[in-house]
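Residue-level structure breakdown
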Amino acid sequence: MPFPADVARTGDAPFALDGATVRGDPDAAEHLRALVRTRTGVDLGTGGGIALTVDGAGPAESYRLEVSATGIRIAGADAAGLFYGVQTLGQLVHRDGDAWVVPSLRIFDAPRFAYRGVMLDVARHFHDVATVRAYIDRAASLKLNVLHLHLSDDQGWRLELRSRPELTAKASATAVDGAAGGFYAQDEYQQIVAYAASRHMTVVPEFDMPGHTHAVGLAYPEIAAAPVVEVITEGSVPVAGEPYTGIGVGFSSLRIGDEATDAFVRDVYTELAELTPGPWLHFGGDESLGTDPEDFARFVAQTSAVITALGKTPVAWHEAGAAADLAPGTIGQFWGFVSPTDAAARHARAFAERGGRLVLSPADAVYLDMKPTADSPLGLTWANGPTSLARAYGWEPTGVVEGIGEEAILGVEAPLWTETVATLEDIDALAFPRIAAAAEIAWSPASGAERSWESFRGRVGGLGPLWTTLGIRFPALEEVPWTA
Ligand code: TNX
C-alpha cells in the first residue's frame, strides 16, 4: 500500500527474519531496523542477509525489491526510493506459525505523481512538534512526500517571525473553542523541516491571505479590514481586535492597496523563504468572501510575484485563478468537488494556462476532516460528508477538471483541517484509513488488476496489524475486512 507498479511472486520459500542481518546504506538500515523491531521484536544484526543500496538506476523515487529464501535486496534509484523500498518491506513482514517471514517476490515500483501530499491545519488547533513528527512518520510510511502546513488562519498565527514579532506575541495564544494555542519557534520549525527531510518529505508552508487573517489584525490592526460578518454561515461572530475562537470562514481580509500591507507581505514571505529549503511557498487565497473581487485579484497577483521574486514557486488555492495577472508558473490547489462547479474548473484551468500545474484536493473525496461515518464524533460534513473510504478511493485525477490531464497535474494532496481535531488520536481517527486511498491514487498506476476497490479494501485490512504496532489508532470502519 500503495500498490506497486509491478509485482511478481516467484514461488520460492519465504525469507525468515529471525537471525537476519542487514548491510548497506546506513540511514535506510536504521529505518529498517526500527520498523522490524517495532513490528516483530526482532533485532536485525549486521551482515549481508538484507542488502540496501542506492544505485542511481531508474526514475526518481523508484526502487527494486527482490526477496528469495536466502536474501533480500533493495536498490533505490535515490535515497527516497530506497526508503520507500524499506516501507514496502515493512508491510510484507508477517507471521507464519512461530516465525516472522517475508514472501519471495520481485517488485519494481515508481510513483505516478511527483507531489503526493498531506496538509495539517495547525491554526484552528495547534499541533506540537511531536505530533507533527508522528504525522510525518505516518504519511511517509505510505510514500507521501509533501507536508503542507497551514500556519495561519483567523484563529492564530503559528510561526515565529523575527521581522514581525507581534504575530506570535499577540496572535498565537488561542485556538478554536478556547483550546490552548501555540506557535513554532524558528528552531522548532527547522526541526520539523529536517525531520520531514529525513523521511523524504518536503514542507510546503502556508500563510493564508488576504482572507483568513483575523489573527493578523490582533498584531497589526492597521493592515486589517473590518470583519464582514454577513458572510458567516456557521460559527460565532468575530470582533475586531479580539481573538477568534469560532469556526466561521470568509469574513476577514487584509487591507489591500495599502503600503503597510505590502510591506507586511514582503516581510513574511521573505523570512519564510529563508527558513524553508523546499521550492514551494503557499499563500492561501481561499474563501476571501468579504474582499472586493478586483482587490482580491490585484492582491493575489502581487503576492505571487513577491514569492516568485524570492526564487520560490507560489502555490494558491484555486480561487486565485480568477486573477488575470497571477505570476506564470503558480501552482493551483483545487479543492472543489470531484464533479466541480464551472467556476472552480475555470479557476483551476487558469493556472495551467499560465504555465502552472495543479495539485488536486477534491473536497468530497480527500478532505480528511470530513466525517468518515455519520456517527463519527469528529469531523465536518459540508463537502457532501460523511465521506466513506470507498468514495475516498473512487476517483481518478485526470477525470476531475476538464482539460486538466496527466501533464497538468503536479499531484494529489489530502488536507486535514482541524476545527474538530485537537490531538494525535483525533488526527488518526480522521486520517486513517482514508489517507491510504489518497496515497494509492497519488502513487500507483491509474489502472491494473489490483487497482480496484475490492483489492484496495482487502489490502487496507491487511495493514491493521502493522498500524496497530505502530501505535496508529485507526477506526475499524465496517467497509474494511480487518485482519485480526
Ligand atoms: C474550507 S478548503 C476551507 C477551510 C476550512 C475547511 C473545512 C479551503 C481552502 N478552505 O478554511 O477549514 O473548509 O473543511
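Residues numbered from 1 in each chain as written. Predicted model: local features only at pLDDT ≥ 70, side-chain atom pairs only at ≥ 80, totals over all residues. Heavy atoms only, no water.

Side note on the sheet that holds strand 4 (residues 45–46)
Keep this limit in mind: Strand pairing is defined by DSSP finding a minimum of two bridges between the two strands. By definition, any uninterrupted DSSP run of H or I lasting at least four residues is a helix, any uninterrupted run of E lasting at least two residues is a strand, and each is numbered from the N terminus. We call two residues in contact when some of their heavy atoms are within 4.5 Å. Axis geometry follows a simple rule: fit a line to the C-alpha atoms, using only the stretch in contact for helices, then measure angles between N-to-C directions, giving values from 0 to 180 degrees.
A sheet is described by the order of its strands in space; here seven strands give the open sequence 1-10-6-7-5-3-4, paired in mixed fashion. Each edge of the open sheet carries a strand with a single partner, namely strand 1 (6–9) and strand 4. Most of the contacts of helix 2 (residues 79–92) go to strand 6 (residues 63–67), to which it runs at about 35°, and overall it touches strand 5 (50–54), strand 6, strand 7 (72–76) and strand 10 (105–109).

Considerations on the site of the ligand
Here is the rule we go by: Near, as used in this document, describes a residue that has one of its heavy atoms within 4 Å of the molecule or strand being considered. Any pair of N or O atoms that falls within 3.5 Å is considered a polar contact. Within protein, one atom must be able to donate a hydrogen and the other to accept it, and sequence-neighbouring residues count only if both atoms are side-chain atoms. Only the protein chains shown count as cover for residues, with accessible areas throughout obtained via the Shrake-Rupley method and a probe of 1.4 Å. Side-chain classes are defined by residue name, with Ala, Val, Leu, Ile, Met, Phe, Trp, Tyr, Cys and Pro counting as nonpolar, Asp, Glu, Lys and Arg as charged, and the others, Gly among them, as polar.
Every one of the 14 residues lining the ligand counts as a neighbour, but Arg-124, Tyr-367, Asp-369, Trp-382 and Glu-419 are closest to it. In the environment of the ligand, an oxygen atom lies 3.1 Å from a nitrogen or oxygen atom belonging to the side chain of Glu-287. The contact in question runs from an oxygen atom of the ligand to an N or O atom on the side chain of Asp-369, over 2.6 Å. For the ligand, whose free accessible area comes to 360 Å², the fraction covered by protein is 98%. A class-by-class count of the residues in the shell around the ligand yields eight nonpolar, one polar and five charged.

Concerning helix 3 (residues 129–141)
Since the α-helix packs 3.6 residues into each turn, any two residues three or four apart lie on the same face. For the record, the criterion: Expected span of a helix: the number of residues minus one, times 1.5 Å. Each residue is placed in one exposure class: buried if its accessible area under a 1.4 Å probe, protein chains only, is under 20% of its type's maximum, exposed if it is over 50%, and partly exposed if it falls in between.
Taking 1.5 Å of rise per residue, 13 residues should cover 18 Å, and helix 3 covers 18 Å from first to last C-alpha, within 8% of that figure. When you tally the buried positions in helix 3, you get 10 out of 13 residues, the bulk of the element. Those residues of helix 3 that sit buried are Val-129, Thr-131, Val-132, Ala-134, Tyr-135, Ile-136, Arg-138, Ala-139, Ala-140 and Ser-141. With its phi angle positive at about 70°, Lys-143 sits one or two positions after the end of helix 3.

Here we look at the domain arrangement of the protein chain
Using the following cut-off: Domain extents, as shown, originate in an automatic or database domain assignment. What counts as buried area is the accessible surface, traced by a 1.4 Å probe, that two parts surrender upon association, with contributions from both included.
For the protein chain, the assigned domains are domain 1 (6–109) and domain 2 (115–469). Taking the mean C-alpha position of each, domain 1 and domain 2 sit 34 Å from one another. Across the boundary between the two partners, domain 1 contributes 15 residues, which contact 15 residues of domain 2. It is Arg-39, Tyr-84 and Gln-91 that lose the most area in domain 1 upon contact with domain 2, and together they represent 40% of the buried surface on that side.

Some words on the pairing of strand 7
Burial analysis of strand 7 places four of its five residues in the buried class, which makes it a mostly covered element. Taken together, the five bridges between strand 5 and strand 7 define a ladder with parallel strand orientation. Pairing of Leu-52 across the sheet is with Ile-74, part of strand 7. Sheet topology note: the strand 6/strand 7 ladder contains five bridges and is antiparallel. Opposite Tyr-63, over in strand 7, you have Gly-76 as the bridge partner. Between the antiparallel neighbours strand 6 and strand 7 lie four residues.

With respect to the packing of aromatic side chains
For the record, the criterion: Two rings from Phe, Tyr or Trp (for Trp, the six-membered ring) form a pair when their centres sit within 6.5 Å of each other. Planes less than 30 degrees apart are called stacked, planes more than 60 degrees apart edge-to-face, and all others tilted. Look at NZ for Lys and CZ for Arg. If either is within 6 Å of the ring centre and within 35 degrees of the ring normal, a charge sits over the ring.
Throughout the structure, instances matching the rule amount to 19 aromatic pairs. Residues Trp-453 and Phe-456 carry aromatic rings whose centres are separated by 6.2 Å and whose planes lie at 35° to one another, so their mutual orientation is tilted. Here the residue Trp-453 and the residue Phe-456 both occupy positions in helix 14 (residues 453–469), the gap between them amounting to three residues, near one helical turn. Chaining the aromatic ring pairs together yields one cluster made of Trp-317, Trp-335, Phe-337, Tyr-367, Trp-382 and Trp-417. Positioned over the ring face of Trp-443 is Lys-143, at 5.9 Å from the centre of the ring. The ring of Tyr-220 has Arg-164 lying over it, and the distance from NZ or CZ to the ring centre is 4.9 Å.

Re the environment of Ser-172
By the element assignment, Ser-172 lies in the loop between helix 4 (166–171) and helix 5 (186–198). With 11 residues separating them in the primary sequence, Ser-172 and Phe-183 have C-alpha atoms 6.2 Å apart. Among residues more than four places away in sequence, those in contact with Ser-172 are Trp-157, Arg-158, Leu-167, Gly-181, Gly-182 and Phe-183. A distance of 2.7 Å separates a polar atom in the side chain of Ser-172 from the backbone oxygen of Thr-168.

Here's the deal with unusual backbone geometry
The omega torsion of the bond from Gly-385 to Pro-386 falls at 0°, within 30 degrees of zero and hence cis. On the secondary structure map, Pro-386 appears in the loop between helix 10 (363–366) and helix 11 (389–393). Pro-433 follows Phe-432 through a cis peptide bond whose omega is 0°. Along the polypeptide, Pro-433 turns up in the loop between helix 12 (424–431) and helix 13 (434–443). A positive phi angle, close to 60°, is found at Asp-177, a residue other than glycine. Tracing the sequence through the fold places Asp-177 in the loop between helix 4 and helix 5. Backbone geometry places His-212, a non-glycine residue, at a positive phi of 60°.

Comments concerning the environment of Glu-419
Inspection of the secondary structure assignment puts Glu-419 in the loop between strand 20 (409–416) and helix 12. Here Glu-419 falls in the buried class, since its relative accessible area comes to 11%. Placed 294 residues apart in sequence, Glu-419 and His-125 show a C-alpha to C-alpha distance of 6.7 Å. Setting aside residues up to four positions removed in sequence, Glu-419 forms contacts with Arg-124, His-125, Val-176, Ile-247, Asp-369 and Leu-380.

Describing the pattern of salt bridges
So the rule is basically this: Every case where a carboxyl oxygen of Asp or Glu lies within 4 Å of a side-chain nitrogen of Lys or Arg is listed as a salt bridge.
With the rule as written, the count across this model stands at 20 salt bridges. Residues Arg-124 and Asp-121 are paired through a salt bridge, measuring 3.1 Å at the closest nitrogen-oxygen approach. Each member of the pair, Arg-124 as well as Asp-121, carries the same accessibility label: buried. When the shortest N-O distance is used, the salt bridge between Arg-473 and Glu-425 registers 3.5 Å. Separated by 48 residues along the polypeptide, Arg-473 in the segment after helix 14 and Glu-425 in helix 12 bring together distant segments of the chain.

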